[in-house]
Amino acid sequence: MGSFNFFLHTGTGLIFGTVVIVSAIAYFIIFLRSLNPQFGFRWFRTRAGAFKMVLVIVLLLIGGCMISYSIYIQEQIGFPELTFLAVIAILSGAIWAIVSKTGFGSETPKPRGVIISFLTGAIAVVVWGVFVYLFSHFYFNWLLKLVAEVWGGWGEVTTRGFLILLYGMTASFACAFAIGGGLALALNPAKVNVKTRLHLLIIPLILIIGGSTFLLSFRSDAVSKYDMDKRTLAEACGIPESATDTMTVVFFGSKEGVPTAGIENWPFSVSPMSFMGAGKVDVSIASLKKIEEYSKSHLNQTLFTRAARDALWRGYMLNWMVREATAYQFVATRDYLITRMLFLSRLKNVPVTKEAVSYADHFSNETNYTIGKKGARPLALIYNHIGMPDKAKYWALRSDEPDEIEISEHPLVTNGLISGRIILNEKPFRGRVALFNTEEEEVSAISGFVRFTNIVDATDTENGLFSFENIGEGKYFLAVMVKTEKKPPEIEVKHNPGIVSISSKAPKADLGMISIRIR
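Residues numbered from 1 in each chain as written. Predicted model: local features only at pLDDT ≥ 70, side-chain atom pairs only at ≥ 80, totals over all residues. Heavy atoms only, no water.

With 57 residues, the main nonpolar core has Leu233, Trp266, Trp320, Phe436 and Ile446 as its most contacted residues. Looking at which element gives the most residues to this core, the answer is helix 10 (residues 305-318), with eight residues. Contact partners of Phe436, with chain neighbours within four places excluded, come to Trp266, Trp320, Ile446, Val450, Arg451, Asn454, Ile455, Val456, Lys475, Tyr476, Phe477 and Ala479. (Core = buried A, V, L, I, M, F, W, Y, C linked by side-chain atoms within 4.5 Å. Buried < 20%, exposed > 50% of the residue type's maximum accessible area, 1.4 Å probe, protein only. Helix = DSSP H or I, 4+ residues; strand = E, 2+ residues; numbered from the N terminus. Contact = heavy atoms within 4.5 Å.)

Structure follows, in structure tokens:
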């Protein structure tokens, strides 16, 4: 990573930036002098020359402001609008006509010479701009995406990925500028014979043919290998983008110490994490199966592989199929740092099982991961939760704030039990019940973030009966998922358990019969 850090160093960035700016200015001055050998600061010696120089500078500033506005304000990433191109062409043609030695060698501009200079300048710059756009499109919309999703990583860009981007940017823009510069010289309105112009066109034509061939071949290969022709994960998997189903969730929370019930509508769609923006996807069970099929049929990485893995764990979590979701989330932890942190955050709340212990041991293995002070904190909390105080203390001492991590002197409860029975509209409830962890004293909503990170476990009821085993110490609340035509206007709950606490003094909680009436 040494070379990577070198390129990211502030001093190196300033040197590179200075070289690029100075080179661009020098190239532009040399190009203007090729149009008119007399171009330079000597123009300021005469009133007419000074006027021309000031006019050129003003036109350049206007063009630069327009380009900057288009890129940074409008965030334009598609092909420039015709109006924008027309204005740039007019500005470029005007600069060309002012600077060039018009009139085919005559010092006095003639109307015909001015018109020819203007048109050739406009054409040269537009053609140049088209190729700059094509190569920048290749870089930003193809190469950058492939590095981020296939050849490198997002948030953890490898040295190899960075070098691919660096060399790709250099080659792309060097080729585009070489084409533009060659075309501009070949179309120079000054007195140049046809043979010389044809010679000047050789290099641009070679680059145009070679570059076009490369781009077509690159795209064809990227389409077949990496699904470059697909816009979204939904399109790649052949599933809807918007939710095809919406479920009603009733949760038993608390407000000001009094148990309260809430009701929410959950559309079954997610926006999977992706550098390139994979769009929204439906995560009904049928759609999740298709995403699984896509992942299995594309064993090599595609532009949507990481997004598919992310959609799978989020989708199964939204369906309260926690074990499937946890398995897919573990696989997705190798893609993004934030996914690993979310997974570690969940581990300090999940049921204490052999799987939970194996996950903790996996992420604490320093042969696989470099664990800093920030990473030591969640590991300490996880081991404390699963009843391993020695390991919890070890990681707490390696964290950034060890004194703020409360480690129990004795193993915490790891075999807690929460059970009960749910009656819906006077009938035993048949459906899924979920258990959520909370660190708050009040629960008045299940936000989108909590839906994915605070769910502890879920189970199907049998004759309305449910139970959650191997629960660790902490505070929890229940929620049930039901199918309704629309969000019910009223809900009535009897024997609402509110927030349930599991501790060494109360390791088991029998919630009795919870009655729900939806009107």
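For strand 5 (residues 416-424), the buried fraction is high: seven of the nine residues fall into the buried class. Alignment of strand 5 against strand 9 (residues 465-471), held across five bridges, turns out to be antiparallel. Along strand 9, the bridge assignment pairs Arg421 with Leu465. In this structure, strand 5 lies alongside strand 13 (residues 508-518), joined through seven bridges in parallel fashion. Across the sheet, residue Ile422 finds its bridge partner in strand 13, namely Ile514. Sheet topology places strand 5 next to strand 6 (residues 427-428); two bridges connect them, and they run antiparallel. If you follow Ile423 over to strand 6, its bridge partner there is Pro428. Between strand 5 and strand 6, which pair antiparallel in sequence order, lie two residues; one of them, Asn425, sits at a positive phi of approximately 50 degrees. (Pairing = 2+ DSSP bridges.)

The way to describe two aromatic rings as a pair is by their centre distance and the angle between their planes. Summed over the entire model, instances satisfying the criterion amount to 15 aromatic pairs. A centroid spacing of 5.8 Å and a plane angle of 5 degrees characterise the contact between Tyr316 and Tyr328, whose relative ring orientation is stacked. With a gap of 12 residues between them, Tyr316 in helix 10 and Tyr328 in helix 11 (residues 322-332) connect regions that are remote in the sequence. Judged by centre distance (5.9 Å) and plane angle (80 degrees), the rings of Phe330 and Phe363 are edge-to-face. Pair noted here: Phe330 is in helix 11 and Phe363 is in helix 13 (residues 354-363), with a separation of 33 residues, a long-range link. Take Phe330: its relative accessible area is 24%, and that puts it in the partly exposed class. Pairwise contacts between aromatic rings join Phe330, Phe343, Tyr359, Phe363 and Tyr369 into one cluster. (Phe/Tyr/Trp six-rings, centres within 6.5 Å; stacked < 30°, edge-to-face > 60°.)

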